[in-house]
Amino acid sequence: MEGAMVLDESDDTDFVKFWNAVLEPKFTKYRHILQGGLSRHSAAVLPNLPLVKGMKVLDVGCGWGDMSVQVAEIVGPEGHVVGIDCVDAFLEEARADAAAKGLDNVEFRRGDAEIALPENAFDYVIARFGTMFFANPVAALRRMRLALRPGGQMTHIVWRRREDNPAWQAAKDITLRHLPPPGDDADTCGPGPFSMGNQEMVTAMMESAGYEDIVFARVDEKIMVGTSPQECIDFALAVGPAGEVFREAGAELADAKRSEIEADMRDFFESQEIDETGIWVPTSSWVISARNPA
């Protein structure tokens with residue numbers, strides 16, 4: 001697994017540095033929303049994946065490791081799961097959670113699939129809402145394929161089109177009524193959450209990366225985006241597409257427009273489904289599965 005390690009932080013790309021310095025504290029603050037929402041999509045997928053005991057599995061962009069832990073329980077003590085992520089704080093939490101469950105068949109390592117992965121080492125590769133952020137998606141997808149043994153399978157979950165994901169896009173549309181779009185030189189988390197929403201384009205990417213038997217399945221899930229309208233607003237302006245617009249507008253302009261943005265967002269969130277746990281807004285993903293040629 002040494003090939004997947006980023007041993008020296010001086011090797012970090014600007015993208016990795018941005019995640020660790022800027023995005024990690026915001027993601028950690030809203031872990032209860034992010035992990036809860038993302039897990040609704042993987043929960044709809046995991047029971048149907050051909051994972052069996054004894055498999056060796058790689059989880060790319062594992063975040064806090066909750067899906068890695070679930071897969072480790074599926075493959076059992078005779079199997080093994082490696083979760084990689086480029087964010088140190090996420091990995092620390094993942095290791096702590098695995099240890100609390102007493103699992104010794106899962107490990108978490110600092111890695112970047114765009115830079116290096118071991119080859120011919122895994123039976124299955126999975127990724128949940130991580131591949132959309134690859135700066136060089138075809139190259140990274142190819143590395144994921146080469147990490148598989150011949151005939152091995154991969155499944156990654158990505159967001160569908162922005163118009164199918166009001167949980168993320170509606171807040172950005174509201175913010176853009178009041179603030180300019182980020183410039184071409186803006187600091188971002190990568191190509192963006194909807195970069196793999198087009199089925200035809202992603203099929204071409206997967207084919208270019210050498211996969212066969214490419215299959216798309218759609219998952220629609222409402223996710224909780226806050227326990228109250230104010231938390232929904234705070235979350236939207238900290239994380240995701242709206243947060244990027246707000247951040248890149250600059251503190252002076254963003255603060256001047258904040259009250260108007262918040263008023264419009266409050267109207268939107270209060271119009272959504274509300275129950276005793278929070279406010280629920282629709283999302284839609286593609287579950288994309290493929291095979292490394294035998």
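Scroll up to find the structure this text is about.
Residues numbered from 1 in each chain as written. Predicted model: local features only at pLDDT ≥ 70, side-chain atom pairs only at ≥ 80, totals over all residues. Heavy atoms only, no water.

Q: Quick question: what am I supposed to make of helix α1 (residues 14-29) here?
A: An α-helical segment advances 3.6 residues per turn. Residues three or four places apart therefore align on the same side. Taking 1.5 Å of rise per residue, 16 residues should cover 22 Å, and α1 covers 22 Å from first to last C-alpha, within 8% of that figure. The largest bend in α1 comes to about 55 degrees, at L23, with the proline P25 one to four residues further on. Buried residues along α1 sit in contact with α2 (31-43), α4 (88-100), β3 (106-110) and α9 (241-248). (Helix = DSSP H or I, 4+ residues; strand = E, 2+ residues; numbered from the N terminus. Expected span 1.5 Å × (residues − 1). Bend = angle between axes of the 7 residues up to and from the residue. Contact = heavy atoms within 4.5 Å.)

Q: Looking at this structure, how should I read the pattern of salt bridges?
A: As a working rule, side chains carrying opposite charge can pair if their charged atoms are close by. Using the criterion set out here, one finds 19 salt bridges in the structure. The partner of R161 in a salt bridge is D164, with the nearest N and O atoms 2.8 Å apart. Among the residues examined, D164 registers a relative accessible area of 15% and is labelled buried. Salt-bridge contacts for R177 lead to D264; the nearest nitrogen and oxygen are separated by 3.5 Å. Linking R177 in the loop between α6 (166-176) and α7 (199-208) with D264 in helix α10 (residues 251-270), this pair joins segments that are 87 residues apart in sequence. Residue classification places R177 among the exposed positions, given a relative accessible area of 57%. Salt bridges here are not isolated pairs; linked through shared partners, they connect R160, R161, E163 and D164. (Salt bridge = Lys/Arg side-chain N within 4 Å of Asp/Glu carboxyl O. Buried < 20%, exposed > 50% of the residue type's maximum accessible area, 1.4 Å probe, protein only.)

Q: Honestly, α6 in this entry has me stumped. Any pointers?
A: Most of α6 sits out of view: eight of its eleven residues are buried. Residues of α6 that are buried include every one of A167, W168, Q169, A170, A171, K172, I174 and T175, and no others.

Q: Teacher, can you tell me more about the packing of aromatic side chains here?
A: Remark: the centre distance and the inter-plane angle together describe each pair of aromatic rings, the angle taken between the planes. Applying the stated criterion across every chain yields a total of ten aromatic pairs. Consider the rings of F268 and F269, whose centres lie 5.2 Å apart with planes at 65 degrees: the pair is edge-to-face. The residues F268 and F269 share a single accessibility class, namely buried. The ring of W286 has R160 lying over it, and the distance from NZ or CZ to the ring centre is 4.6 Å. (Phe/Tyr/Trp six-rings, centres within 6.5 Å; stacked < 30°, edge-to-face > 60°. Lys NZ or Arg CZ within 6 Å of the ring centre and 35° of its normal.)

Q: Whenever I open this one, the packing of helix α8 (residues 229-238) against α10 confuses me. Can you help?
A: Angle between the axes and distance between the axes are the two parameters that describe a pair of packed helices. Between α8 and α10, the least distance of the axes is 9 Å, while the angle of their chain directions is 120 degrees. If you check the angle between α8 and α10, you find them oblique. Crossing of α8 over α10 shows right-handed handedness. Contacts between α8 and α10 involve P229, Q230, C232, I233, D234, A236 and L237 on the former and, on the latter, R258, I261, E262, M265, R266, F269 and E270. Residue classes in the contact of α8 with α10 are distributed as eight nonpolar, one polar and five charged. (Axes fitted to C-alpha atoms, helices over the stretch in contact; angles between N-to-C directions. Parallel < 35°, antiparallel > 145°, perpendicular 65-115°, else oblique. Left-handed = near helix turned anticlockwise from the far one by under 90°. Nonpolar A, V, L, I, M, F, W, Y, C, P; charged D, E, K, R; others polar.)

Q: Sorry, what's going on with empty space enclosed by the protein here?
A: Gaps left between atoms show up when a probe the size of a water molecule is rolled over them. One pass over the structure, following the stated rule, counts two cavities of 30 Å³ or more. Looking at the largest cavity, its volume works out to about 70 Å³. What lines the largest cavity is A167, W168, A171, V225, C232, F235, A236, V239, P241, A242 and F269. Counting residues per element, the ones that place at least two in the lining of the largest cavity are α6, α8 and α9. The computed volume of the second largest cavity comes to approximately 40 Å³. The wall of the second largest cavity is formed by V45, L46, L49, M67, I126, A127, T155 and I157. Those elements that provide at least two residues to the lining of the second largest cavity are β4 (122-128) and β5 (148-159). Looking at the lining of the second largest cavity residue by residue, the class counts come to seven nonpolar, one polar and no charged. (1 Å grid on protein atoms, 1.4 Å probe; cavity = no way out; pocket = protein on both sides within 12 Å on 5 of 7 lines; lining within 4 Å. Points joined across faces, edges and corners; volume = space filled by probe spheres on them.)

Q: Just checking my understanding: could you explain the side chain of N292 for this structure?
A: With respect to the secondary-structure elements, N292 resides in the segment after β8 (279-291). In terms of polar contacts, N292 uses its side chain to reach the backbone carbonyl oxygen of R149, at 3.3 Å. Sequence-distant contacts of N292, defined by excluding residues within four places in its chain, comprise R145, L148, R149, P150, G151 and G152. (Polar contact = N/O pair within 3.5 Å; in protein donor to acceptor, adjacent residues only side chain to side chain.)

Q: How should the layout of surface pockets be read in this particular structure?
A: Roughly 160 Å³ of internal volume is contained in the second largest pocket. Together, A44, V45, N48, L49, P50, Y124, Q153, V215, A217, V219, V287 and S289 line the second largest pocket. Elements with a contribution of two residues or more to the lining of the second largest pocket: β6 (212-226) and β8. Among the elements that line the lining of the second largest pocket, the one with the most residues is β6, at three residues. Here the residues of the lining of the second largest pocket sort into nine nonpolar, three polar and no charged.

Taken by themselves, the reported measurements are silent on function.
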